[in-house]
Amino acid sequence: MDIHEYQAKELFRAAGIPVPPGRVATTPDEARAIAEELGGSVVVKAQVHSGGRGKAGGVKLATSPDEAASHAEAILGMSIRGLEVKQVLVTVAEDIASEAYVGILVDRATQRPMFMVSAEGGVDIEEVAATNPDAIRKLRVDPRYGLLPHQAYGLANFLYTDPGQVKQATRIMAQLYNAFVENSCSMAEINPLIVTPNGEVKAIDAKVSIDESALFRLPEVEKLRDLDAEPPAETRAREAGLSFVKLDGNVGCCVNGAGLAMATMDLVKTYGGEPANFLDIGGSSNPDKVVAALEIITADPNVKAILFNIFGGITRCDDVARGIVEASNRIRIEPPIVIRLTGTNEAEALEILSEAGFSAFTGMDEVVQKAVDLAAQA
Ligand code: GDP
Ligand code: MN
């Protein structure tokens, strides 16, 4: 789950990380009032679940409340990487002497939180990684011991030479690690971590993703979810109890079980196709879920063929078949549907489908190949 910069900054503040004060506005007048209250220069910042806002024109410096209002007017309603800006953060502008990068993510290979820090901050860290990998220091933390003081010091020392700055950054490393663990983050990033001309180290940007699987035990964090800022298909899928991830291909996939869904996507690739999504309708028997799945898949204009791959265990094939028929009555489905069903109540399912004019198969390879071919022909 992604959260907004202003929310991530709240989590950082709670952990003790120095963050400039600010508040969020939804109108230019609100932005003006906040700028007046803060006094001096402010930065008006688009709040969308995306980085690269600066380059897109979503981060603007204002030297007066009126200027803050006019920047807010320009930024609100803007689209950044396909996401509409509905809120701006108005925050005290800082003078910057240097910009560094500090991030923690989960390293899959070692299954540990991994720090990545670089004195080349402010820019895309992927770019630094590609062009100047030596400028990045990585540190994997053993979660049993947490970040040890000498490790925090080592990271800070990689970024700064001034003892006062190293000391402040050492504290920030520990605070960021605590925030990462306490909020079950999958990613926590400060880019840039700045040094001001008088030597203060501060976080002026914050980017945090929360591990969704942990939300059940983090009710306060779950409240930070902004449904309005998420892609509509993902919201719809979550409401319907489906696991859905949008991808860039043209074969829409509807599968029961995460393992089978992965295998199906692999097979689509094997036959030269590209999946348009990962979608797991889960193990329950519920035609409504199938209807919701088809609504979500068909809303994606890239989808040129729809592939069902159902292994009936707890899921009953006849329920899925009923869902497909019901969906085809309720919504207009343009792309051809290719269906593979096998297992519990397979015979009933095939009957329901053939009565409704669908054909279904039981072999996995043939249907995947067929779906890939149909998508390619479209
Ligand atoms: P991002 O582009 O989405 O990562 O947004 P950031 O919050 O990182 O802002 C982008 C850039 O704007 C930063 O790297 C800074 O160079 C600049 N910027 C942001 N806030 C301030 C500020 O308070 N003062 C100054 N001088 N520049 C800022
Ligand atoms: Mn940034």
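See the structure shown above.
Calculation notes
- Residues numbered from 1 in each chain as written.
- Chains lettered and ligands numbered in written order.
- Predicted model: local features only at pLDDT ≥ 70, side-chain atom pairs only at ≥ 80, totals over all residues.
- Heavy atoms only, no water.
- Salt bridge = Lys/Arg side-chain N within 4 Å of Asp/Glu carboxyl O.
- Buried < 20%, exposed > 50% of the residue type's maximum accessible area, 1.4 Å probe, protein only.
- Phe/Tyr/Trp six-rings, centres within 6.5 Å; stacked < 30°, edge-to-face > 60°.
- Helix = DSSP H or I, 4+ residues; strand = E, 2+ residues; numbered from the N terminus.
- Near = heavy atom within 4 Å.
- Polar contact = N/O pair within 3.5 Å; in protein donor to acceptor, adjacent residues only side chain to side chain.
- Nonpolar A, V, L, I, M, F, W, Y, C, P; charged D, E, K, R; others polar.
- Domains from an automatic or database assignment.
- Donors = N, O, S within 2.8 Å, 3.2 Å for Na, K, Ca; no water.
- Pairing = 2+ DSSP bridges.
- Axes fitted to C-alpha atoms, helices over the stretch in contact; angles between N-to-C directions.
- Contact = heavy atoms within 4.5 Å.

A.B. asks: For this particular structure, what's the right way to read the pattern of salt bridges?
C.D. replies: Between side chains of opposite charge, a pair can form as their charged atoms come close. This structure, assessed with the given rule, holds 27 salt bridges. Close ionic contact of Lys 269 with Glu 274 constitutes a salt bridge, the shortest N to O distance being 3.2 Å. For Glu 274, a relative accessible area of 40% puts it in the partly exposed group. Between Arg 332 and Glu 334 there is a salt bridge; the shortest N-O distance is 3.1 Å. One salt-bridge network, in which partners are shared between bridges, spans Glu 5, Lys 9, Lys 45, Arg 53 and Asp 205.

A.B. asks: Before we go on, may I ask you to explain the packing of aromatic side chains in this structure?
C.D. replies: Describing an aromatic ring pair means giving the distance of the ring centres and the angle of the ring planes. Taken as a whole and assessed by the stated rule, the structure comprises one aromatic pair. Measuring from centroid to centroid gives 6.4 Å for Phe 115 and Tyr 177, while their planes differ by 25°, and the two rings are stacked. Linking Phe 115 in strand β8 (residues 112-118) with Tyr 177 in helix α6 (residues 163-182), this pair joins segments that are 62 residues apart in sequence. Neither residue differs from the other here; Phe 115 and Tyr 177 are each classed as buried.

A.B. asks: Even after reading the chapter, I still don't get the pairing of strand β14 (residues 251-255), so can you show me in this structure?
C.D. replies: Looking along a regular strand, one sees side chains alternate from face to face of the sheet. Burial of β14 is extensive: five of the five residues sit out of reach of the surface. Residues Val 251, Cys 253 and Val 255 line one face of β14 and the alternating positions Gly 252 and Cys 254 line the opposite face, and both faces are buried.

A.B. asks: Is there a simple way to explain the site of ligand 1 in this structure?
C.D. replies: In the vicinity of ligand 1 lie 16 residues, with Lys 45, Arg 53, Gly 54, Glu 94 and Glu 99 positioned nearest. Separating an oxygen atom of ligand 1 from a side-chain N or O atom of Asp 205 is a distance of 3.0 Å. Residue assignment for the shell around ligand 1 shows that the elements contributing at least two residues are β2 (42-46) and β10 (185-195). Tallied by class, residues from the shell around ligand 1 come to six nonpolar, five polar and five charged. Mapping the shell around ligand 1 onto the domain boundaries places at least three of its residues in each of domain 1 (21-92) and domain 2 (98-222).

A.B. asks: Would you take a moment to explain the coordination of the manganese ion (ligand 2) for this structure?
C.D. replies: Octahedral metal centres with six donors ideally show angles of 90 or 180 degrees, and tetrahedral centres with four donors ideally show 109.5 degrees. For the manganese ion (ligand 2), the protein coordination sphere consists of Asn 191 (O) and Asp 205 (OD), at 2.1 to 2.2 Å. Of this pair, Asn 191 sits in strand β10 while Asp 205 sits in the loop between β11 (201-203) and β12 (207-210), and the two are 14 residues apart along the sequence. The same class applies to Asn 191 and to Asp 205, which are both buried.

A.B. asks: Would you explain the sheet that holds strand β1 (residues 22-25) in this entry?
C.D. replies: Backbone hydrogen bonds are what pair the strands of a sheet, in a parallel or an antiparallel way. The sheet built from four strands is open, its strands ordered β1-β6-β2-β3 with antiparallel pairing. The open sheet has two edge strands, β1 and β3 (59-62), and neither has a second partner. Ignoring strand direction, the axes of neighbouring strands in this sheet form an average angle of 20°. Alignment of β2 against strand β6 (residues 88-92), held across five bridges, turns out to be antiparallel. Residue pairing for β6: Ala 46 is matched across the bridge by Val 88. Helix α1 (residues 5-15) rests against β1, β2 and β6 of the sheet, and its axis sits at about 45° to β6. Together, β2, β3 and β6 form the strand contacts of helix α3 (residues 65-75), whose direction differs from that of β3 by roughly 165°.

By themselves these figures say nothing about function.
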